[in-house]
Amino acid sequence: MARLRRATEAHVRYHARHRLDAFVGNREIRSLVEPHHSRVLALRAEYEAGVRRLRPPPRGRKP
């Protein structure tokens, strides 16, 4: 749980410090041409999967 908390804090801190960059980056992904569009989406999916791995398992279930 501590690792998830630290990762969340780092994510929020980055977006707070780099608001314009994060906003433009998130809004303009659809404007990218291939292969850049697919690469950015793959990196985003990899990032999300890493965060999901930090989540604790639901109560009553083994990981």
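Not measured: the values here are computed from a predicted model.

Brief notes about the overall build of the protein
Counting secondary structure elements, the protein contains three helices and zero strands. Taken from N to C terminus, the helices and strands of the protein fall in the order α-α-α. The C-alpha radius of gyration of the protein comes to 15 Å, more than 25% above the 11 Å expected for a compact globule of 63 residues. Projected onto the principal axes, the alpha-carbon positions of the protein cover approximately 45 × 25 × 10 Å. Looking at the 63 residues of the protein, the share that counts as buried comes to 6%. Between the mean site of the 16 positive side-chain charges and the mean site of the 6 negative ones, the protein shows a separation of 11 Å.

With respect to the layout of surface pockets
Approximately 330 Å³ is the volume attributed to the largest pocket. For the largest pocket, the full set of lining residues is His11, Tyr14, His15, Asp21, Ala22, Gly25, Asn26, Ile29, Val40, Leu43, Arg44 and Tyr47. Taken together, the elements giving at least two residues each to the lining of the largest pocket come down to helix H1 (2–17), helix H2 (19–27) and helix H3 (36–54).

What counts and how
- Residues numbered from 1 in each chain as written.
- Predicted model: local features only at pLDDT ≥ 70, side-chain atom pairs only at ≥ 80, totals over all residues.
- Heavy atoms only, no water.
- Helix = DSSP H or I, 4+ residues; strand = E, 2+ residues; numbered from the N terminus.
- Rg over C-alpha atoms; globule rule 2.2 N^0.38 Å.
- Buried < 20%, exposed > 50% of the residue type's maximum accessible area, 1.4 Å probe, protein only.
- Lys, Arg positive; Asp, Glu negative; His and termini not counted.
- Charge placed at Lys NZ, Arg CZ, Asp CG, Glu CD.
- 1 Å grid on protein atoms, 1.4 Å probe; cavity = no way out; pocket = protein on both sides within 12 Å on 5 of 7 lines; lining within 4 Å.
- Points joined across faces, edges and corners; volume = space filled by probe spheres on them.

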